Amino acid sequence: MGKSSRFLRLGRIFWNYRVTRRTRLPHPPLRLWIESTNACNLRCVMCPTSLPEAPKRGFMDFALYTKIVDEAAAFTYDANLHHRGEALLHPELPRMIRYARERGIRTMLHTNGTLLDAGKAREIVASGLDYLSFSFDGFERETYEKIRVRASFDQTVTNIEG
């Protein structure tokens, strides 16, 4: 999707929501959120994934992922490849990033950073990831590890800086 097309769509979204006050838009979404996995290696105090009644954990099948991307490629500008789970757990994450990029969809990833090592970092950058952000709660070890249960403050800092 080109810049002019994207800005036109953004204008339509603004017009429909702000001016006409519609909550249902007459066009498909510009941005996707694709939960590649709902599994997580942490048990953060604020996350519903940590609850005992959380749904069964699993990984999105690559065939389902390609179906979603193929159907959305004509109208979607970017895709977040995460939601509640830790996307770095998905064994096919670099392949997923590459697939979306090859279809003209920019990719974004948000991670807790605990599983990021130099090899994984190179792999996701090489696959064409456009944007990477981290969840990191607390400036001090005690605060961070109290919130991010099962995480190591020092190791996560090293992973992110690495």
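What counts as what
- Residues numbered from 1 in each chain as written.
- Predicted model: local features only at pLDDT ≥ 70, side-chain atom pairs only at ≥ 80, totals over all residues.
- Heavy atoms only, no water.
- Helix = DSSP H or I, 4+ residues; strand = E, 2+ residues; numbered from the N terminus.
- Buried < 20%, exposed > 50% of the residue type's maximum accessible area, 1.4 Å probe, protein only.
- Contact = heavy atoms within 4.5 Å.
- Lys, Arg positive; Asp, Glu negative; His and termini not counted.
- Charge placed at Lys NZ, Arg CZ, Asp CG, Glu CD.
- Arc of directions from axis to C-beta.
- Salt bridge = Lys/Arg side-chain N within 4 Å of Asp/Glu carboxyl O.
- Polar contact = N/O pair within 3.5 Å; in protein donor to acceptor, adjacent residues only side chain to side chain.
- Pairing = 2+ DSSP bridges.
- Axes fitted to C-alpha atoms, helices over the stretch in contact; angles between N-to-C directions.

A. Geometry of the overall build of the protein. A tally of helices and strands in the protein yields six helices and four strands. Helices (α) and strands (β) of the protein occur, in sequence order from the N terminus, as α-β-α-β-α-β-α-β-α-α. By its C-alpha atoms, the protein is 50 × 35 × 30 Å across when sized along the principal axes. Considering the protein as a whole, with its 162 residues, one finds that 37% of them fall into the buried category. Looking at the protein alone, contacts between residues at least 24 apart form 65% of all its contacts between residues at least 6 apart. Of the charged side chains in the protein, 25 are positive and 18 negative, and the gap between their average positions amounts to 10 Å.

B. Spatial organisation of helix α6 (residues 153-161). When we look at burial in α6, the residues that qualify are Phe 153, Thr 156 and Asn 159. Seen end-on, α6 carries its buried residues on one side only, within an arc spanning 130°. Looking at the buried positions of α6, the neighbouring elements they touch are α5 (141-147).

C. Structural context of the pattern of salt bridges. Scanning the model with the defined rule gives nine salt bridges in all. Across the pair Arg 95 and Glu 92 runs a salt bridge whose closest N-O atoms are separated by 2.4 Å. A relative accessible area of 42% places Arg 95 in the partly exposed class. Salt bridges linked by common partners bring Asp 70, Glu 102 and Arg 103 together as one network.

D. Structural view of the side chain of Ser 135. With respect to the helices and strands, the residue Ser 135 is situated in the loop between β4 (131-134) and α5. Within the local environment of Ser 135, its side chain forms a polar contact with the side chain of His 110, the two groups lying 2.6 Å apart.

E. Molecular detail of the sheet that holds strand β2 (residues 78-80). The four strands lie next to each other as β1-β2-β3-β4, forming an open sheet whose pairing is parallel. Unpaired on one side and paired on the other, β1 (31-33) and β4 mark the two borders of the sheet. Strand-to-strand twist across the sheet, computed as the mean angle between neighbouring axes with direction ignored, equals 20°. In the sheet, strand β3 (residues 106-111) pairs with β4 via four bridges, with the strands oriented parallel. Note on β4: the bridge partner recorded for Met 108 is Tyr 131.

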